Amino acid sequence: MVSVIIPTYNRSRMVREAIGSVLDQSFEDFELIVVDDGSSDQTETVVRGFGQRVIYERQENRGVSAARNLGLERARGAFIALLDSDDLWMAEKLETQTRFFRSNPNALICQTEEIWIRHGRRVNPKKYHRKQSGDIFAVSLERCMVSPSAVMWRRELLDEVGGFDASLPACEDYDLWLRVSCRHPVHLIPQPLTVKRGGHEDQLSTTIPALDRYRIQSILNLLEQVDLTAERRRLALDTLRRKAHIYAQGLRKRGRRGEAARLETFLHKHGIDSPAG
């Protein structure tokens, strides 16, 4: 069985469409868990309107990571699939991924290609965002290369790497996929079976500034908590130094010299070369 988890907050219309795209799947052996992160709109009414086909969980507003983690705690399936409440699935998505795992018993995680929609119009992702397959650790240090709505993984991978870091207000997916990709290949199914919708006002990446500060924290956490190979550690340190240097320069340009100095001090305490000033 596949456990499908949709976290949502004040997106009653979008979550209705997301749920519909799951219930329309050609693959039927799944449970659908919707975690309401303290919505104040009609989300609960909408979700409960689907009846017993959907498991409804509600928590106080604690963010998308905490919502996903609650879903992971409730999940009973051998496989885990996430769907953001503003995204959609094509009808063959679950069937295609479960078939991939049957054919590749050693694979622990895979994702599909996506169709990108911005402001209601289809757009083509730039080469910079093009997904790769296999050992994606090096490129994942630069930017998030796994889409939560496109991914499926075996439960044992969750047991190995843990869930989402709820202390991060953003880049929580970047953080998790680093912990995954430093250990295992991430396979890509080339079919575009996920519809990724963006451009709306409440999209997380557009509401939180200076995302690189959370990527810096994620790399530091990785270096501290995971026993990396020498080569992977070198790659992580090189990326950390470069991102920290750029971020500190940006702070100084905006007159926030105190924050830049605190960043340098923080890195120094962790044994990382200070960003050049």
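Look up: the structure comes first, before these words.
Keep in mind that what you see is a predicted model, and the values were worked out from it rather than measured.

1. Thoughts on the packing of aromatic side chains
Tallying each qualifying case throughout the model produces four aromatic pairs. Aromatic side chains Trp153 and Trp177 sit 5.9 Å apart centroid to centroid with 75 degrees between the ring planes, which places their arrangement in the edge-to-face category. Here Trp153, found in strand β8 (residues 151-154), pairs with Trp177, found in helix α7 (residues 172-181); they are 24 residues apart in sequence, far enough to count as distant. A ring pair is formed by Phe164 and Trp177, whose centres lie 6.3 Å apart and whose planes are at 85 degrees; its orientation type is edge-to-face. Note that Phe164 is positioned in the loop between α6 (155-161) and α7 and Trp177 in helix α7, a separation of 13 residues in sequence. Side by side, Phe164 and Trp177 carry an identical accessibility label, which is buried. An aromatic cluster is defined as three or more aromatic residues linked by ring pairs; in this entry it consists of Phe79, Phe100 and Phe101.

2. What about the packing of helix α9 (residues 212-225) against helix α10 (residues 230-253)?
Look at α9 against α10: their axes get within 10 Å of each other, and the N-to-C directions meet at 150 degrees. Taken together, α9 and α10 sit at an angle that is classed as roughly antiparallel. For the pair α9 and α10, the sense of crossing is left-handed. Packed against α9, whose contacting residues are Asp212, Arg213, Arg215, Ile216, Ile219, Leu220 and Leu223, the element α10 presents Arg233, Ala236, Leu237, Thr239, Leu240, Lys243, Ala244 and Tyr247 at the interface. A class-by-class count of the residues in the contact of α9 with α10 yields nine nonpolar, one polar and five charged.

3. With respect to the nonpolar core
Among the nonpolar cores identified, the biggest contains 28 residues, and Ile219, Leu223 and Leu240 are the most heavily contacted of them. Contributing elements (two or more residues each) for this core: α5 (137-142), α7, α9, α10 and α11 (257-269). If you look at the next biggest cluster of nonpolar residues, it comprises 27 residues, including Ile6, Ala81, Trp89 and Phe101.

4. Looking at the pairing of strand β4 (residues 79-82)
Of the two faces of β4, the one carrying Phe79 and Ala81 and the one carrying Ile80 and Leu82 are both buried. In terms of strand pairing, strand β1 (residues 2-8) meets β4 through four bridges, oriented parallel. What sits directly across from Val2, in β4, is Phe79. Pairing between β4 and β8: three bridges, direction antiparallel. Along β8, the bridge assignment pairs Ala81 with Met152.

5. Comments concerning the pairing of strand β2 (residues 30-36)
A large share of β2 lies buried, amounting to seven of its seven residues. On β2, burial covers both faces: Phe30, Leu32, Val34 and Asp36 on one face and Glu31, Ile33 and Val35 on the other are all buried. Pairing geometry for β1 and β2, over seven bridges, is parallel. Of the residues in β2, the one forming a bridge with Val2 is Phe30. Note on the crossover from β1 through helix α1 (residues 12-23) to β2: the handedness is right-handed. Inspection of the sheet shows β2 paired to strand β3 (residues 55-58) by four bridges, in the parallel sense. Bridge pairing links Asp36 to Arg58 in β3. Tracing the backbone out of β2, into helix α2 (residues 43-48) and back to the parallel element β3 gives a crossover that is right-handed.

6. Notes on α7
Burial analysis of α7 places 10 of its 10 residues in the buried class, which makes it a mostly covered element. Within α7, the full set of buried residues consists of Glu172, Asp173, Tyr174, Asp175, Leu176, Trp177, Leu178, Arg179, Val180 and Ser181.

7. Remarks on the side chain of Asp84
The topology assignment puts Asp84 in the loop between β4 and β5 (88-89). Residue Asp84 is classed as buried on the basis of its relative accessible area of 15%. Separated by 2.9 Å, the side chains of Asp84 and Arg68 make a polar contact. If we skip the residues at most four places from it in the chain, Asp84 touches Pro7, Ala18, Arg68, Pro148 and Ser149.

Cut-offs used in this document
Residues numbered from 1 in each chain as written. Predicted model: local features only at pLDDT ≥ 70, side-chain atom pairs only at ≥ 80, totals over all residues. Heavy atoms only, no water. Phe/Tyr/Trp six-rings, centres within 6.5 Å; stacked < 30°, edge-to-face > 60°. Helix = DSSP H or I, 4+ residues; strand = E, 2+ residues; numbered from the N terminus. Buried < 20%, exposed > 50% of the residue type's maximum accessible area, 1.4 Å probe, protein only. Axes fitted to C-alpha atoms, helices over the stretch in contact; angles between N-to-C directions. Parallel < 35°, antiparallel > 145°, perpendicular 65-115°, else oblique. Left-handed = near helix turned anticlockwise from the far one by under 90°. Contact = heavy atoms within 4.5 Å. Nonpolar A, V, L, I, M, F, W, Y, C, P; charged D, E, K, R; others polar. Core = buried A, V, L, I, M, F, W, Y, C linked by side-chain atoms within 4.5 Å. Pairing = 2+ DSSP bridges. Right-handed = clockwise from strand over helix to strand, strands pointing away. Polar contact = N/O pair within 3.5 Å; in protein donor to acceptor, adjacent residues only side chain to side chain.

Read these as geometric descriptors, not functional statements.
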